[in-house]
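# Structure assessment
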Amino acid sequence: MKDLRKRAHGLSVADASLVLIVWCEFYIGMIDINNNYSSSVVIHVVDDEHGVREALYRLLHRAGYAVQLHSSGEEYLNQYDGAPGCVILDLLMPRMDGETLLDEICQREHNVAVLVLTGDATIASAIRVMRAGAFDLLQKPFTNPELLAALSAVLEKARPLFAKRALAEEHRQRLAGLTPSERNVMDFIVAGLTSQEIANRLGNSKKTIDIHRSRVIQKMGVASTAELIKSCVALGVEKEN
């Protein structure tokens, strides 16, 4: 079962990608309906200079953003709670510099976009931080409108990312609610096996497998086996062996 994406009921990678795009657009649409996208994300300002942090707080707060201030990269990493947001960080900081913090954010897969501020960026350093995962880089000095415009563009670019991660997190929570037997049956369902085939593999009766199948569909919050397969394939859930 090494390539369930291709095997699951003939669902192609392109079809799975389309399913994921539709779901992400639905989540984005829900944000638009509530008209509170800017307030639904947290802006983390990471800068070792107190005056800079306070100035950015006032600007962003007036613009309607929820803001958290951090005096160092270590402080941000210790306080991040998993909520979607944007990290505005300075490249030049003592102890943990901006590039190191960016690497940590990417390695820990924080649900954030990163906007890098720098006063002495070279072409090489700009390319390096963008390749490392930053969404944008803003050269100092900048005006308030320039910062707000850059932040708005970063958040707009990050919307599909936040939606996909929200879907994946919900999916992981639902998976955690399955019993080991239910998860085992679900893996075989995603691989395209019928209840009888699963029963033969596991040495159970078809009736027992049908009961597990029904509970899996209910706990995973889907309406049918086909929807379960599409959601698992789109989000990359595969059997763990």
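Residues numbered from 1 in each chain as written. Predicted model: local features only at pLDDT ≥ 70, side-chain atom pairs only at ≥ 80, totals over all residues. Heavy atoms only, no water.

### Side note on the nonpolar core
Among soluble globular proteins, nonpolar side chains are generally buried collectively. The criterion, for reference: In these notes, a set of buried Ala, Val, Leu, Ile, Met, Phe, Trp, Tyr and Cys residues joined through side-chain atoms within 4.5 Å is what counts as a nonpolar core. A 1.4 Å probe rolled over the protein chains alone gives each residue an accessible area, and that area as a share of the maximum for its type sets the label: buried under 20%, exposed over 50%, partly exposed in between. By the criteria applied, helices consist of DSSP H or I runs no shorter than four residues and strands consist of E runs no shorter than two, each listed in order from the N terminus. Contacts are residue-level and defined by heavy atoms, with any inter-residue pair within 4.5 Å sufficient.
Counting residues in hydrophobic clusters, the biggest one holds 22 residues, and the most contacted among them are Ile 43, Leu 60, Cys 86, Ile 88, Leu 115, Leu 151 and Leu 155. Ranked by the residues each element gives to this core, the list is headed by helix H8 (residues 144-176), at seven residues. The residues touching Leu 151, leaving out its near neighbours within four places in the chain, are Ile 43, Leu 60, Tyr 65, Cys 86, Ile 88 and Leu 115. By size, the runner-up hydrophobic cluster in this structure holds 20 residues, among which are Leu 175, Phe 188, Ala 199 and Leu 228.

### What to know about the confidence of the model for the protein chain
For any part of a model where pLDDT is low, the fine detail of the predicted coordinates should not be relied upon. What counts here: Confidence of the prediction at every residue is given by pLDDT, a number between 0 and 100.
Within the protein chain, residue pLDDT values average 81, and 80% of them lie at 70 or more. Confidence over residues 1-35 falls short of pLDDT 50; this stretch has 52 contacts with residues more than four positions distant or in other chains.

### Digging into the packing of aromatic side chains
Heads up, the rule is: Stacked, tilted and edge-to-face are the three classes applied to pairs of Phe, Tyr and Trp rings, where Trp contributes its six-membered ring and a pair requires centres within 6.5 Å; stacked means planes under 30 degrees apart, edge-to-face means over 60, and tilted covers the rest.
Taken as a whole and judged by the stated rule, the model has one aromatic pair. Ring geometry for Tyr 76 against Tyr 80: centres 5.7 Å apart, planes inclined by 40°, an arrangement best described as tilted. The pair formed by Tyr 76 and Tyr 80 is uniform in burial state, with each residue classed as buried.

### Digging into unusual backbone geometry
Geometrically, the link from Lys 140 to Pro 141 is a cis peptide bond, its omega value of -5° lying close to zero. Relative to the helices and strands, Pro 141 is located in the loop between strand S5 (136-139) and H8. With a phi close to 60°, Arg 95 is a non-glycine residue in the positive phi region. Mapped onto the secondary structure, Arg 95 falls in the loop between strand S3 (85-90) and helix H6 (98-107). Here Arg 95 falls in the exposed class, since its relative accessible area comes to 68%. Unusually for a residue other than glycine, Glu 109 sits at a positive phi of about 55°. Turning to its location among the elements, Glu 109 is positioned in the loop between H6 and strand S4 (112-118). You can call Glu 109 exposed: its relative accessible area is 65%.

### Some details on the environment of Ile 217
Tracing the backbone through its elements, the reader meets Ile 217 in helix H11 (residues 206-219). Measuring from C-alpha to C-alpha, the distance between Ile 217 and Met 186 comes to 8.8 Å, with 31 residues separating the pair along the chain. If we ignore the near neighbours within four places in the chain, the residues touching Ile 217 are Val 222, Ala 223, Ser 224 and Thr 225.

### Things to note about the packing of helix H9 (residues 180-190) against H11
For clarity, the threshold we go by: Axis lines are fitted to C-alpha atoms, over the contacting stretch for helices. Their N-to-C directions set the angle, which ranges from 0 to 180 degrees. An angle below 35 degrees is read as roughly parallel, one above 145 as roughly antiparallel, one from 65 to 115 as roughly perpendicular, and any other as oblique. Each residue is assigned to one of three groups, with Ala, Val, Leu, Ile, Met, Phe, Trp, Tyr, Cys and Pro labelled nonpolar, Asp, Glu, Lys and Arg labelled charged, and all others, Gly among them, labelled polar.
Axis separation between H9 and H11 bottoms out at 9 Å; the angle between their running directions is 90°. If you check the angle between H9 and H11, you find them roughly perpendicular. Where H9 abuts H11, its residues Ser 181, Glu 182, Val 185, Met 186 and Ile 189 lie against Ile 209, His 212, Arg 213, Arg 215, Val 216 and Lys 219. Along the lines of polarity and charge, the residues of the contact of H9 with H11 split into five nonpolar, two polar and four charged.

### Focus on the environment of Arg 174
To keep it simple, the criterion reads: Any pair of nitrogen or oxygen atoms within 3.5 Å is treated as a polar contact; in protein, a donor-acceptor pairing is required on top of that, and neighbouring residues in sequence qualify only through side-chain atoms on both sides.
Here Arg 174 is to be found in helix H8. Residue classification places Arg 174 among the partly exposed positions, given a relative accessible area of 30%. Once the C-alpha coordinates of Arg 174 and Lys 219 are considered, the two residues, 45 residues apart in sequence, prove to be 6.4 Å apart. Looking at Arg 174, its side chain comes within polar contact range of the main-chain oxygen of Lys 219, at 3.0 Å.

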